[in-house]
Amino acid sequence: MTRDICVVVPTIREYECVRAYAENAREHGFDTDKLHVVLVTEDFCDTEAMAAMLDEEGLSGEVFDGATREEWYSRHGVEEYGHLVPAASHAQTSFGLLYMWAGDYEYGFFIDDDTLPEPEYDFFGRHMENLAFEGEIIGVASDEHWVNVLYQNVDDHDLYPRGYPYSAMDETVDTRQVNVDDVVASQGLWTNVPDLDAVRILMDGDLQGQAQTRLDADDFGEDFVAREGHYLTVCSMNLAFRREVIPAFYQLPMDDNPWDVGRFDDIWSGVFLKRACDVLGKQIYNGAPLCEHNKAPRSTFGDLNNEVPGLELNEHVWELVDDAGSDADTFAGVFEAMARELAETDFEGGAYDYENGDFLTYVGEHMLEWLDCLDALEAEAPEASAATTDD
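Since the structure is predicted, the reported quantities are computational estimates derived from the model, not experimental observations. (Residues numbered from 1 in each chain as written. Predicted model: local features only at pLDDT ≥ 70, side-chain atom pairs only at ≥ 80, totals over all residues. Heavy atoms only, no water.)

A grouping of Glu70, Glu71, Glu79, Glu80, Asp372, Asp375 and Glu378 is seen on the molecular surface, where their side chains present a negatively charged patch. Listing elements by their share of the negative patch, those giving two or more residues are helix 3 (66-75) and helix 11 (358-378). (Patch = residues over 30% accessible without salt bridge, like charges linked within 9 Å, V, L, I, M, F, W, Y side chains within 5 Å. Areas by Shrake-Rupley, 256 points an atom, 1.4 Å probe, with all protein chains shown as cover. Salt bridge = Lys/Arg side-chain N within 4 Å of Asp/Glu carboxyl O. Lys, Arg positive; Asp, Glu negative; His and termini not counted. Charge placed at Lys NZ, Arg CZ, Asp CG, Glu CD. Helix = DSSP H or I, 4+ residues; strand = E, 2+ residues; numbered from the N terminus.)

Here we come to the packing of helix 3 against helix 4 (residues 93-103). Working note: a packed helix pair is described by the angle between its axes plus the distance between those axes. Between helix 3 and helix 4, whose axes approach to 12 Å, the crossing angle comes to 35 degrees. Crossing angle aside, the handedness with which helix 3 passes helix 4 is left-handed. Between helix 3 and helix 4, the residues in contact are Arg69, Trp72 and Tyr73 and Phe95, Leu98, Tyr99 and Ala102, respectively. (Axes fitted to C-alpha atoms, helices over the stretch in contact; angles between N-to-C directions. Left-handed = near helix turned anticlockwise from the far one by under 90°. Contact = heavy atoms within 4.5 Å.)

So, on to the packing of aromatic side chains. This model, assessed by the stated rule, comprises 33 aromatic pairs. Both rings, one in Tyr352 and one in Tyr354, keep their centres 6.1 Å apart while their planes meet at 70 degrees; by these two values the pair is edge-to-face. Residue classification places Tyr354 among the buried residues on the basis of a relative accessible area of 12%. One Lys or Arg, Arg200, reaches over the ring of Tyr166 and ends 4.0 Å from the middle of that ring. For Arg243, the ring lying beneath its charged end belongs to Trp101, and the centroid distance is 4.3 Å. (Phe/Tyr/Trp six-rings, centres within 6.5 Å; stacked < 30°, edge-to-face > 60°. Buried < 20%, exposed > 50% of the residue type's maximum accessible area, 1.4 Å probe, protein only. Lys NZ or Arg CZ within 6 Å of the ring centre and 35° of its normal.)

Time to look at the environment of Gly270. Position of Gly270 among the secondary structure elements: in helix 8 (residues 265-280). According to the relative accessible area criterion, Gly270 is buried, its value standing at 0%. Taking C-alpha positions, Gly270 is 7.2 Å from Phe249, a pair spaced 21 residues apart along the chain.

Moving on: the nonpolar core. Judged by nonpolar contacts, the single largest core of 130 residues is most densely connected at Trp72, Phe124, Phe241, Trp268, Phe272, Met367 and Trp370. Looking at this core, the element that brings in the most residues is helix 11, giving eleven residues. (Core = buried A, V, L, I, M, F, W, Y, C linked by side-chain atoms within 4.5 Å.)

The next point concerns the environment of Pro10. Mapped onto the elements of the fold, Pro10 is located in strand 1 (residues 5-10). By relative accessible area, which is 12% here, Pro10 ends up buried. Separated by 80 residues in the primary sequence, Pro10 and His90 have C-alpha atoms spaced 6.7 Å apart. Dropping the residues within four chain positions of it, Pro10 is found in contact with Val40, His90, Thr93, Ile111, Asp112 and Asp113.

At the junction of Ala288 and Pro289, the peptide bond is cis and its omega measures out at 5 degrees in the coordinates. Along the chain, Pro289 turns up in strand 13 (residues 283-293). Here Ala88, not a glycine, exhibits a phi torsion of approximately 50 degrees, which is positive. Its place among the elements puts Ala88 in the loop between helix 3 and helix 4.

This brings us to the pairing of strand 9 (residues 183-192). Regular strands have side chains that alternate between both faces of the sheet. Counting buried positions over the ten residues of strand 9 gives nine, a clear majority of the element. Of the strand pairs in this sheet, strand 9 and strand 13 are connected by eight bridges, and their pairing is parallel. Opposite Gly188, over in strand 13, you have Gly287 as the bridge partner. Sheet topology places strand 9 next to strand 12 (residues 238-242); three bridges connect them, and they run antiparallel. Bridge assignment links Ala185 to a residue of strand 12, and that residue is Phe241. (Pairing = 2+ DSSP bridges.)

Note that strand 2 (residues 35-40) and strand 3 (residues 60-64) share five bridges and pair parallel. Following the sheet pairing, Val38 is matched in strand 3 by Glu62. Note on the crossover from strand 2 through helix 2 (residues 47-56) to strand 3: the handedness is right-handed. (Right-handed = clockwise from strand over helix to strand, strands pointing away.)

So, about the packing of helix 8 against helix 10 (residues 331-344). Across the interface, helix 8 lies against helix 10 with an axial gap of 9 Å and an inter-helix angle of 130 degrees. Regarding the angle of helix 8 to helix 10, the classification is oblique. Like other packed secondary-structure pairs, helix 8 and helix 10 cross with a definite hand, here right-handed. On the side of helix 8, the interface is formed by Phe272, Leu273, Arg275, Ala276, Cys277, Val279 and Leu280, while helix 10 contributes Phe331, Val334, Phe335, Met338 and Leu342. (Parallel < 35°, antiparallel > 145°, perpendicular 65-115°, else oblique.)

Take a look at the structure:
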């Protein structure tokens, strides 16, 4: 048996969601010995209780708070890159990517701690089937070059997900059958609380950071891909991916930055991943397995304060990288080209006079350092807790 799947769960509250995912695996006959769970948490959290929970569930895994992450960086000789993973941010999922890279796992999962698997789906098994899928599937495109992942019932709920550009709304959607043969990421969608940004939550009449409009399984149809040249939002709450995407899947340095830009870490990483996939002829699969999103109440205006500094940038970041890396033949090569486009463009005036435009330079510089960090880890021997084969 090969333990080749690394499950990354950023958590400060509902870490026991892992029990539900383990139970789902057992109920559907998925071998939990294939899983290694990494809980990414903070120094103020009860890491001993988290580790005990993993033991009780019979799961291989580790728990990393801030102090143990620093120890891990030191042990692997990458202390100088610790700043790439921002403090107290959902973007700490990037630590999970570094852990995977050092450990040589072939597959990764991101699971948010405010989710539960929908019981009718074999959560892990369906994601793995999606990653192995070859054949015909619905390919979605629009005249705005963006695909609303909630498009299938948008006439009823009128929702656009967090990160979808406002300038790309009211698009004309085109669907047709396409052939896919190299799926590198599987995005499961969500019932109950939709993943919306704060402006859209306010427009939906909710002050508690959730939404008045809720989703159920009937809001989703057949699985689909966004066609080449068309972008989509990639939310990391229910996501599986192949190891090969890690160089182009850095979760961007949000929250802990001088501009206070937050909430776009997985959104922009999804834009960059989709651009890389288009260049390399690979695909992102969307749809099942669904998860139940039980977002805890919090101030909508708190989320709004985090999002406003980056809202204008979100309208344009995809345009800035849309031609980057066309001649590259690896994920790292495309990512480097996108990083240089951001790091070397003058955002202080002229055609790119965006609010907080210098943050894009900061992002580009961090993207380049991300590749350097992966190179440094690759030069190290795989760590002891890496993918192992049991007799």
